[in-house]
Amino acid sequence: QVQLVESGGGLVQDGDSLRLSCTASGRSRYSTAWFRQAPGKEREYVAAISPSGGSTYYADFVKGRFTISRDYAKNAVYLQMNSLKPEDTAVYYCAASRYVPTTTISEYDYWGQGTQVTVSS
């Protein structure tokens, strides 16, 4: 069993930056991803990272603005978000999978509780 806890969300202005953290219990190696869900919308994939950290993947709408990384010494995965836009407003979730990184929600076994990111215009 893996427990994930997200942190780092908040209220920022258009163009600002935030760094989200996802801390995992235990020391198993999982593919980890960030998803987000805006009010009234379905949860969508944002970015993923391989267990080694050597491969990263992004949704087209965040390429060049967001960076996913991991630090096994701290058992953490990060999402650095730059040039934030109002349309990035959502609850951001961290998820872990025993399989290769994927955009498919159902292939993630473990989820955090989410952290709210609000970008004002």
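Before going into details, it helps to say that this report is about the structure given with it. If you're wondering where the values come from, they're calculated on a predicted model, not measured in any experiment.

### So, the nonpolar core
A general trend in soluble globular proteins is that nonpolar side chains are found buried together.
Turning to step 1, where the next piece is worked out: Counting 33 residues, the largest nonpolar core has Trp34, Val46, Phe66, Leu79, Met81 and Tyr92 as the members making the most contacts within it.
Turning to step 2, where the next piece is worked out: Listing elements by their share of this core, those giving two or more residues are strand 3 (18-24), strand 4 (31-37), strand 5 (44-49), strand 7 (66-71), strand 8 (76-81), strand 9 (90-97) and strand 11 (115-120).
Turning to step 3, where the next piece is worked out: Not counting chain neighbours up to four residues away, the residues in contact with Met81 comprise Asp16, Ser17, Leu18, Leu20, Arg65, Phe66, Tyr92 and Val117.

### Topic: the state of the cysteines
Put plainly, two cysteines are in a disulfide when a covalent bond ties their sulfur atoms together.
Turning to step 1, where the next piece is worked out: For the coordinates displayed, the defined rule picks out one disulfide.
Turning to step 2, where the next piece is worked out: Put simply, Cys22 and Cys94 are joined by a disulfide, and their sulfur atoms are 2.0 Å apart. Across the S-S bond linking Cys22 and Cys94, the dihedral sits near -70°, which makes this disulfide left-handed. Taken together, the residues span a long stretch of sequence, with Cys22 in strand 3 and Cys94 in strand 9 at a distance of 72 residues. Neither residue differs from the other here; Cys22 and Cys94 are each classed as buried.

### Topic: unusual backbone geometry
Turning to step 1, where the next piece is worked out: Non-glycine residue Asn75 carries a positive phi angle of around 55°.
Turning to step 2, where the next piece is worked out: You can see Asn75 is positioned in the loop between strand 7 and strand 8.
Turning to step 3, where the next piece is worked out: Note on Asn75: relative accessible area 18%, which makes it buried.
Turning to step 4, where the next piece is worked out: Of note in this structure, Ser83 is not a glycine but carries a positive phi near 50°.

### A closer look at the sheet that holds strand 1 (residues 4-7)
Turning to step 1, where the next piece is worked out: Read from one edge of the open sheet, four strands run 1-3-8-7, paired in antiparallel fashion. Each of the sheet's edge strands pairs with one partner strand only, and the pair in question is strand 1 and strand 7. The average undirected angle you get between the axes of adjacent strands in this sheet is 15°.
Turning to step 2, where the next piece is worked out: With four bridges joining them, strand 1 and strand 3 adopt antiparallel strand pairing. Counterpart to Glu6 in the pairing with strand 3 is Cys22.

Definitions and limits used
Residues numbered from 1 in each chain as written. Predicted model: local features only at pLDDT ≥ 70, side-chain atom pairs only at ≥ 80, totals over all residues. Heavy atoms only, no water. Core = buried A, V, L, I, M, F, W, Y, C linked by side-chain atoms within 4.5 Å. Buried < 20%, exposed > 50% of the residue type's maximum accessible area, 1.4 Å probe, protein only. Helix = DSSP H or I, 4+ residues; strand = E, 2+ residues; numbered from the N terminus. Contact = heavy atoms within 4.5 Å. Disulfide = S-S within 2.5 Å. Pairing = 2+ DSSP bridges. Axes fitted to C-alpha atoms, helices over the stretch in contact; angles between N-to-C directions.

Any functional reading would require information beyond the geometric quantities listed.
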